[in-house]
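# Architecture at a glance
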Amino acid sequence: MRRVVLLALRDLRLEVRDRAGLLSILAFFAVMLFIMALALGPEEEPLRRAAPGVLWVALAFGSTLLSTRAFALEVEEGTLDDLLLAPGGKEWIYFGKLLFQMLLLLPLAALALLMAAGLFYLPLERLFPLFLTLVLGVLGYASVATFYAGLLARLRGREVLLPLLLFSLVVPVVLASVRATTGLAEGLPVAEISDWWQLLLVFDVVYLTASALLFPVVMEG
């Protein structure tokens, strides 16, 4: 756990200090949401119906941009082999990178939610259930993205390959997140939305377990 936290905090400190990656993702969120709001017109009802889908598509693409940076420092500095040579299992590298992505993605997702609320009339009265949906959806997405980012870290063109491999696996997570967010926006009872939360939790557990078990194999293979 100490290694996991130290690795995540180191990457987080370097990412915040650099600022370029964070600013590019924030700009992407703002531009995409603004363009979609203009394209859908000024009517409140169409904007509100489209809000969950637009929000999660923006989060999916923004998360992909961020996941390419998960192993960027190790590739640029040539320190990935140093991490792999550390004694013990290699799962801590995966969990450290995953924690780093979660620490960045959750605040960015919260900002994207606020942007969507302002541009698409998305109601925020049920803020805690919305945040729970963000956590479950982002965790499922980031768990797979971190695995593939490590798998492709040494390859050229990894920025192109990552979305191709990633989107085919995370479609169920994105769809379940959209349905849960839609239910919350429409005021459905929590009992009906909890089915989507349970589905997201199942995907999170499966993806997280499989990625953690396969990560040492693909990194040392």
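What you see is a predicted model, and the numbers here were worked out from it, not measured in a lab.

Turning our attention to the pattern of salt bridges. Any two side chains of opposite charge can pair if their charged atoms end up close together. Counted by the stated rule, this structure contains four salt bridges. Notably, a salt bridge pairs Arg10 with Asp11, separated by 2.6 Å at the nearest N-O pair. Accessibility expressed as a relative area gives 24% for Arg10, which makes it partly exposed. Salt-bridge contacts for Asp11 lead to Lys97; the nearest nitrogen and oxygen are separated by 2.6 Å.

One non-glycine residue, Tyr121, adopts positive backbone phi at about 60°. With respect to the secondary-structure elements, Tyr121 resides in the loop between α6 (91-120) and α7 (127-151).

With that settled, the discussion passes to the UniProt feature "transmembrane region" (unreviewed entry) in the protein chain. The sites that UniProt annotates as "transmembrane region" (unreviewed entry) are residues 20-41, 53-72, 98-122, 128-153, 160-178 and 198-218. In the segment residues 98-122, helix accounts for 92% and strand for 0%; the C-alpha atoms at its two ends are 29 Å apart. Helix and strand shares over residues 198-218 are 100% and 0% respectively, and the end C-alpha atoms of the span are 30 Å apart.

Once that is clear, we can look at the packing of α7 against helix α9 (residues 190-220). Viewed as axis vectors pointing N to C, α7 and α9 meet at an angle of 20°, and their least axial separation amounts to 9 Å. Of the possible angle classes, the one that applies to α7 and α9 is roughly parallel. Handedness of the crossing formed by α7 with α9: left-handed. Between α7 and α9, the residues in contact are Pro129, Leu132, Thr133, Leu136, Gly137, Leu139, Gly140, Ser143, Val144, Phe147, Gly150 and Leu151 and Trp197, Leu200, Leu201, Asp204, Tyr207, Leu208, Ser211, Leu214, Phe215, Val218 and Met219, respectively. Each residue belonging to the contact of α7 with α9 can be placed in one class, and the counts come to 16 nonpolar, six polar and one charged.

Cut-offs applied
Residues numbered from 1 in each chain as written. Predicted model: local features only at pLDDT ≥ 70, side-chain atom pairs only at ≥ 80, totals over all residues. Heavy atoms only, no water. Salt bridge = Lys/Arg side-chain N within 4 Å of Asp/Glu carboxyl O. Buried < 20%, exposed > 50% of the residue type's maximum accessible area, 1.4 Å probe, protein only. Helix = DSSP H or I, 4+ residues; strand = E, 2+ residues; numbered from the N terminus. UniProt positions renumbered as here; feature names shortened; annotations may be inferred. Axes fitted to C-alpha atoms, helices over the stretch in contact; angles between N-to-C directions. Parallel < 35°, antiparallel > 145°, perpendicular 65-115°, else oblique. Left-handed = near helix turned anticlockwise from the far one by under 90°. Contact = heavy atoms within 4.5 Å. Nonpolar A, V, L, I, M, F, W, Y, C, P; charged D, E, K, R; others polar.

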